[in-house]
Every structure is written in structure tokens, then in C-alpha cells.
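# Per-entry structural report
Single-letter residue listing:
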Number of protein chains: 2
Amino acid sequence: MGINERKERERDAVKDLILSAAREIFLAEGYENTSIRKIATKIEYSPGIIYNHFKDKNDLLLALHDKAFECKIEALFLSVQNMPDPLERLKATGRGYIQYGIDNPQDYELMFILSCTMEALAVKEEFWQDGAMAINMLKQNIVECMDAGYFRKDINPDEISLILWSQVHGLVSLHNKERLNIYAMEDQKAFMFRSYDVFLSMIQKSLS
Amino acid sequence: MGINERKERERDAVKDLILSAAREIFLAEGYENTSIRKIATKIEYSPGIIYNHFKDKNDLLLALHDKAFECKIEALFLSVQNMPDPLERLKATGRGYIQYGIDNPQDYELMFILSCTMEALAVKEEFWQDGAMAINMLKQNIVECMDAGYFRKDINPDEISLILWSQVHGLVSLHNKERLNIYAMEDQKAFMFRSYDVFLSMIQKSLS
DNA sequence: CAAATATATTGAACACTGTTCAATTTCAAA
DNA sequence: TTTGAAATTGAACAGTGTTCAATATATTTG
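Bear in mind that the values here come from a model prediction, so they are computed numbers and not experimental data. (Residues numbered from 1 in each chain as written. Chains lettered and ligands numbered in written order. Predicted model: local features only at pLDDT ≥ 70, side-chain atom pairs only at ≥ 80, totals over all residues. Heavy atoms only, no water.)

This next bit is on the protein's contact with DNA strand C. With respect to spatial proximity, 16 residues lie near DNA strand C, and among them S46 and N52 of chain A together with S35, R37 and Y51 of chain B are the closest. Sugar plus phosphate: this is where 60% of the atoms of DNA strand C within 4 Å of the protein reside. Here T34 of chain B contributes a backbone N or O atom positioned 3.5 Å from a phosphate oxygen of DNA strand C. Between DNA strand C and R37 of chain B there is a distance of 2.7 Å, counted from a base oxygen to a side-chain nitrogen or oxygen. Those elements that provide at least two residues to the surface near DNA strand C are helix 1 (2-29) and helix 2 (36-42) of chain B. By residue class, the composition of the surface near DNA strand C is five nonpolar, five polar and six charged. (Near = heavy atom within 4 Å. Polar contact = N/O pair within 3.5 Å; in protein donor to acceptor, adjacent residues only side chain to side chain. Helix = DSSP H or I, 4+ residues; strand = E, 2+ residues; numbered from the N terminus. Nonpolar A, V, L, I, M, F, W, Y, C, P; charged D, E, K, R; others polar.)

This part takes up a negative patch on the surface. Residues E32, E119 and E178 of chain A together with E32, E119 and E178 of chain B make up a contiguous surface patch of negative charge. Note that E32 of chain B resides in the loop between helix 1 and helix 2. (Patch = residues over 30% accessible without salt bridge, like charges linked within 9 Å, V, L, I, M, F, W, Y side chains within 5 Å. Areas by Shrake-Rupley, 256 points an atom, 1.4 Å probe, with all protein chains shown as cover. Salt bridge = Lys/Arg side-chain N within 4 Å of Asp/Glu carboxyl O. Lys, Arg positive; Asp, Glu negative; His and termini not counted. Charge placed at Lys NZ, Arg CZ, Asp CG, Glu CD.)

Attention now moves to the relation of the copies chain A and chain B. For the pair chain A and chain B, the superposition axis carries a translation of 0.0 Å, the fit reaches an RMSD of 0.1 Å, and the rotation angle comes to 180°. Given the turn and translation reported, the copies of this chain are related as if by a two-fold rotation axis. Residues of chain A ranked by C-alpha distance from the rotation axis are headed by G170 of chain A, positioned 1.9 Å from it. Here 100% of the contact residues of chain A are again contact residues in chain B; the copies associate through an equivalent surface. (Least-squares fit on C-alpha atoms with pLDDT ≥ 70 in both. Contact = heavy atoms within 4.5 Å.)

Turning our attention to unusual backbone geometry. We note that E178 of chain A has phi near 65°; this positive angle belongs to a residue other than glycine. Mapped onto the secondary structure, E178 of chain A falls in the loop between helix 9 (157-176) and helix 10 (188-203). In this structure E178 of chain A comes out as partly exposed when scored by relative accessible area, which is 39%. Look at E44 of chain B: it is not a glycine, yet its phi comes out positive at around 60°. Looking at where E44 of chain B falls in the secondary structure, it is placed in the loop between helix 2 and helix 3 (57-69). (Buried < 20%, exposed > 50% of the residue type's maximum accessible area, 1.4 Å probe, protein only.)

Written out as C-alpha cells, the structure is:
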């Protein structure tokens, strides 16, 4: 069935063409300005072709997200996995998260802010899996911090993980949505990282 | 000049008509589904009329926001102002913020997530003032917590204020955008408030 | 090779969107 | 009653996502 294989390859090639054109526009002009017609024009196809490969625009955006960032969060955890000290590892994870978020605002929005991402049921499970995996790695790290005496041991790791995630997500999203402008800070990014460091120093158990 | 006054009253009446119709649609169907034509149809006017009262759609949404929530954040601070213990006051402020955010997701989005809100330069200053005032009250509260021995005194209140804001904003926005679904929690809201309490207990200076 | 079949692709059409603006209506002042 | 200014209209423009009958292309069958 070599012919069918070739056909499938050709189909996938068109799909990839759509995706890469969409990604270019998405990164350059943002979510709202990525239109079906713009994508179609860019790849010199008719607008209708997109609906042969994707259910609707949400579906396309989701595929975009999945294709490029499938393991982005996991990669973040993997990149710090060889750090021996659990607290240093936790710190580095959070800093990496913040850095990624402010360096890739469009992707960050797709991942953690836009509702359309959550609307496509098909991808939900995948997100669930990736997300649950990330949360697990975070909890693992938290438990290690407890064992090493950095954190109190009487707290549920679930709650600490949410605290940590909320903190970094809060920082990134306030920054990306320009809400940190109410602070008359010369260097907002430095202010964020400073605050994050202070945050981590505050939630530690004080030496007894 | 009684006639001019009446005319101005009539003008304002139409403006209010637009705003209340817009608010109804906005709350019922969200930002994206609030269209100029829907508003115009609801108040039985032509679409063009809206542009006699507002520069564009952003301007209208901003007026909506300002009208209903001008002092919402300040009211939050005022409602807890009579609490004697600064830490209890801080706790209550945060809880109130979270509660407000999850009870009024559309308004919360308008205030802290949507970019269109930040785009209308005219309102920026107003937001700046309200925001700066809120931040100041928060910092004031933080200093009191320091003085009362709840927090370490070697930290800049600016940084603590950002930590606190990021935390509650992170919780609210992750919740409202359905990202907390990756936690298989029966009661997400209870989980949030529990985490917030733990957060506050963790950032306190341990008794020496 | 020709006809039948299946698939890929088109582009016009539909119902919407925000916004503009010349034309019209409304109404107080001269 | 005419004048002038303001409020209001509604058609038009350029754009949006989406659908679908028609068409082109390529493969399989007779």
C-alpha cells in the first residue's frame, strides 16, 4: 500500500504547511489576528482546505500548541533534574517557568490563559496527562524539600504545589498583561525575580 | 440654561441605556459575544449611536468596568479596615479578593486579564491611581504585620505586596480559566482557600 | 485504454463582526 | 417660519469563521 502511504504523507505535508503558516502569523500578530483567510493566503490554498484538516479554529490553535510545546513543561523539569539540592532545583524550576512565560507570551497565553484551549475536549486528556505529570514532578520536589528540612512536614504537598504554581503564574500573567505597571519600577523583570526569591525564602521553615 | 441641562440629561440617559444594556449582555454572554449590534438592538437604536458616546468598543467596555467597579478594590480594603489584628486583616483581604474573583469572572477578566482594558490610554491614569492606592493600602498592612512581628522586617514591602497579589491573582485566574482541573479535587474552591491559608501560614516568621 | 470511483480542493455564499459617514430627522433659537 | 445645530439613522466597507455544492485530480476497476 505504498500509494496510500504517499497520500497520507501528502496530506500530512499540507497539514504541516497550515500549522507552520499559522504559527508564523500567531507569533507575529497574536491569537486574535490569526485568521483562517490569512493562513490560507500565506500557503496559497483556499480557506476551505483548513477545514479538511481541522474541526475549527480552536482545533487548529490547539494543534499548534501541542506541536510546539508538547513537552515544554516537562523539559523544564528535566533541565533541572540533575541539581542535587531540592530547594535549588525548585528555585530553578520556578525561575525557568517565569522566564519562559515572559519570553513566550503568546504561547503562555495559549497554555494557561485562553479558554479556547480548554474547549477542545479531545486534547483535554493530553493536557491532563502532561499537566498531571508536571504537578507530580513538582510534588516530588516538594517532598524532597520537606525531607531535607527546608519545608514544614505537616503540609499537604498538593497545597504547596498549588501555592508555587499560583505564585509563578500570577507573576507571569500580571507581567504579560501589563498590570505590573502600577508599580513604578524601573526594571519590572528584576522586580519579579527578586520577589520570587523573597517568596521562596519566606516559605522556608526557619532554622531551629 | 435649563434646556441645555435637559439635553445633557437626555444624552447621559442614552449613554446609561447603552451601558446597562452592554453590561447585561456582557455578564450573560461574556466579552467576546458582546457586539455593538446586539447592544443597539436591545436598546432599539441604530448601531451608529454607540459611536456618539464612545470612541470604540474598548472605550465602551472600559466605561462599563469603571462604572460598576470603580471602587470595588478599595471597598474590599475598607470592608476589613476595622479589623485590629493586621494579619487577620491581610488574610481577610486576600480571601475577599479570591471570593470576588471567582464570583465575578467576567469583571475579573476585564480588570486583570484583558488587554483591551490597558489599551485605552485615557483610563490608564485612573486605573493607575486606584491601583496605586490599593497597593499602598496593602503595603501599609504589610508594614503593620512586620511591626506586629508576623513578618520578617528585612524585606521590602513592595516585594511582599507583589508576592501576595501574585498569589491571589494566580489562584483566581487558574481557577477561572479551568486550569485547576488537572488537580482531581472534589471541591476546587475549598482547595484554593485551604492553599491560601497555608500560604499565609508559611510566609509568616516562625515564633522565636 | 476508458469509465467509474474516490478524494482533494475550490470559491462563492451565509451570517456575523467593528466602524464610518453622508443623509435624514428632531428640535430649540432667531 | 426659516435657520442652524445636534441627534440619529442605516447603508456601506472590510473583515471574521464556517459550510457546501461544484469542480478538478488521481486512483481503481471493467
